[in-house]
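Given next are the chains, with one letter for each unit.
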Amino acid sequence: MALCFELTAEQEQLCGVVRRFARERVAPRAEELNERRRFPADLVREMGAMGLFGLPFPQLAASGLTEAGAGSDAAAPPGP
């Protein structure tokens, strides 16, 4: 099976939403949360409200999802 590392338009859109959330909501508080060893329950609730939990990851062969897509949503670093 050939590897495809290009994201679909839908995957790109999801990455953008997650990057924006990380940049605007998480990054400004990350240092303080780490220093105080606090769990950001409010941010986790926001992520849930955005539908970021329970993302479907069906079997690659059955779904046509690329290897890049299977890991991109969870592992993509925040963009600029």
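Everything below is about the structure printed above this text.
A brief structural summary. Predicted model, so just to flag it, every value in this text is computed and none were measured. (Residues numbered from 1 in each chain as written. Predicted model: local features only at pLDDT ≥ 70, side-chain atom pairs only at ≥ 80, totals over all residues. Heavy atoms only, no water.)

1. Focus on the pattern of salt bridges
Scanning all chains against the criterion turns up 3 salt bridges. Among the salt bridges present, the one from Arg 29 reaches Asp 42, with a minimum N-O distance of 2.7 Å. With Arg 29 in helix H1 (residues 9-36) and Asp 42 in helix H2 (residues 41-49), the pair connects residues that are 13 residues apart, well separated along the chain. You can call Asp 42 partly exposed: its relative accessible area is 28%. Here Arg 36 ties to Glu 32 by a salt bridge, and the two come within 3.5 Å at their closest N and O atoms. Here Arg 36 pairs with Glu 32, and both are found in helix H1, just 4 residues apart, close to one helical turn. The exposed category is assigned to Arg 36, whose relative accessible area is 57%. (Salt bridge = Lys/Arg side-chain N within 4 Å of Asp/Glu carboxyl O. Helix = DSSP H or I, 4+ residues; strand = E, 2+ residues; numbered from the N terminus. Buried < 20%, exposed > 50% of the residue type's maximum accessible area, 1.4 Å probe, protein only.)

2. Quick look at H1
Along its 28 residues, H1 runs 38 Å from first to last C-alpha, staying within 8% of the 40 Å computed at 1.5 Å per residue. The largest bend in H1 amounts to roughly 55° and is located at Val 26, with the proline Pro 28 lying one to four residues further along. Those residues of H1 that sit buried are Gln 11, Cys 15, Phe 21, Ala 22 and Leu 33. Of the residues flanking the end of H1, it is Arg 37, one or two places downstream, whose phi is positive at about 55°. (Expected span 1.5 Å × (residues − 1). Bend = angle between axes of the 7 residues up to and from the residue.)

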